[in-house]
Amino acid sequence: MRQSFPPHRVHYGTKILRASVATIACVIVLQSPTAAHSQGFVITQNQFESWIFSTLQNQANARNVLKDRIELEIDRLDQIAPLTQAQKVKIRFAGKGDISRFFRDVDAAITEFKRRESEGEINQNEINEIYQLAMPLQQRLNKGLFGDKSLLQKVAKATMDQQQSLELEKRSKRKLNRRLDLVCAAYVGNLGRQVSMTKDQRDEFSKLLRESLDINLASATYLSYVVMIKASELPNEQLEEIFDETQLNAIRGSFAQFQGLKANLQQMGVLDE
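A quick note: this is a predicted structure, and the numbers were derived from the prediction, not measured. (Residues numbered from 1 in each chain as written. Predicted model: local features only at pLDDT ≥ 70, side-chain atom pairs only at ≥ 80, totals over all residues. Heavy atoms only, no water.)

J.: Describe the packing of aromatic side chains, and please don't skip the residues or the numbers.
T.: Tallied over the full model, the rule gives six aromatic pairs. On the numbers, 5.5 Å between centres and 70° between planes, the contact of Phe205 with Phe243 is edge-to-face. Of this pair, Phe205 sits in helix α9 (residues 199–212) while Phe243 sits in the loop between α11 (236–240) and α12 (245–255), placing them 38 residues apart in sequence. On the accessibility criterion, Phe205 (0% relative accessible area) is buried. (Phe/Tyr/Trp six-rings, centres within 6.5 Å; stacked < 30°, edge-to-face > 60°. Helix = DSSP H or I, 4+ residues; strand = E, 2+ residues; numbered from the N terminus. Buried < 20%, exposed > 50% of the residue type's maximum accessible area, 1.4 Å probe, protein only.)

Structure below.
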């Protein structure tokens, strides 16, 4: 049942939403080729590699971090479905294969960068082209090298017996569902502070949002942003069953903030097209 509220009680909360967009946008803008060119930076190999490795900074640090992440992934799997030492050895070897495959692609990109660098001064168009060499590699790091399609996960599944596989699948689903429940509740609660709504409306909106989500994100870091984007893509007719026109105008106003956020997350490789 929809319930109307006086217009003066409706608030958009744009400061909060703009801050969310800005948080992600900064990651892109601070390292963009346009920014580098406009500030007069010389595009060196170090700058090129900084585009690839982002917060991991450089190759040496990235290798160490990725090796540690293999052990963290093995520990995670071991807690869910206890592994034998032989299984751990195979999984660790596969993880090293994922790292080696990634750095082979990094070396190929650096070789191409050096070739273009040797041809002379790099103009604006060439900077953009070079940035496109780095971007797919940065996206792979942001998604995580050890996702579902990685050698590590494929070997882990292949080495597990049926009972281990069933336990892994159940635990993984429960963990993702719990996190989604918490993130959805936090989003609806925050929206409820910006747009006045009844408890029944909050409950109905929470149920609609949760039932509409089908997320299998390799990296949970940006899950809260993904939930906000998914909320903004809910069909209008479903929202109209819950909210009145005044509320919908306010809610749609908040949704407008997510277009730039969606594009940035897609560029970073943590949100599917």
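J.: Residue-level account of unusual backbone geometry, with values.
T.: Although it is not a glycine, Ser54 sits at a positive phi angle of roughly 50°. As for its placement among the helices and strands, Ser54 is situated in the loop between α3 (45–53) and α4 (59–80). Judged by its relative accessible area of 14%, Ser54 falls in the buried class. Notably, Gln57 is not glycine yet its phi reads approximately 75°, a positive angle. Topologically, Gln57 is positioned in the loop between α3 and α4. A relative accessible area of 54% means that Gln57 is categorised as exposed.

J.: Hey, could you go over the pattern of salt bridges for me, with residue numbers and the actual values?
T.: Oppositely charged side chains can form a pair if their charged atoms are brought close together. Evaluated as defined, the whole model comprises 14 salt bridges. Across the salt bridge formed by Lys88 and Asp78, the nearest N and O atoms sit 3.5 Å from each other. With Lys88 in helix α5 (residues 85–118) and Asp78 in helix α4, the pair connects residues that are 10 residues apart, well separated along the chain. Residue Lys88 is classed as buried on the basis of its relative accessible area of 16%. Notably, a salt bridge pairs Glu167 with Lys170, separated by 3.8 Å at the nearest N-O pair. Remark: Lys170 and Glu167 occur in helix α8 (residues 162–194); sequence separation between them is three residues, near one turn of the helix. Relative accessible area serves as the criterion here: at 21%, Glu167 is assigned to the partly exposed category. Looking at Lys170, the relative accessible area reads 44%, which means it is partly exposed. One connected set of salt bridges, linked through shared partners, spans Glu112, Arg115, Arg116, Glu119 and Glu129. (Salt bridge = Lys/Arg side-chain N within 4 Å of Asp/Glu carboxyl O.)

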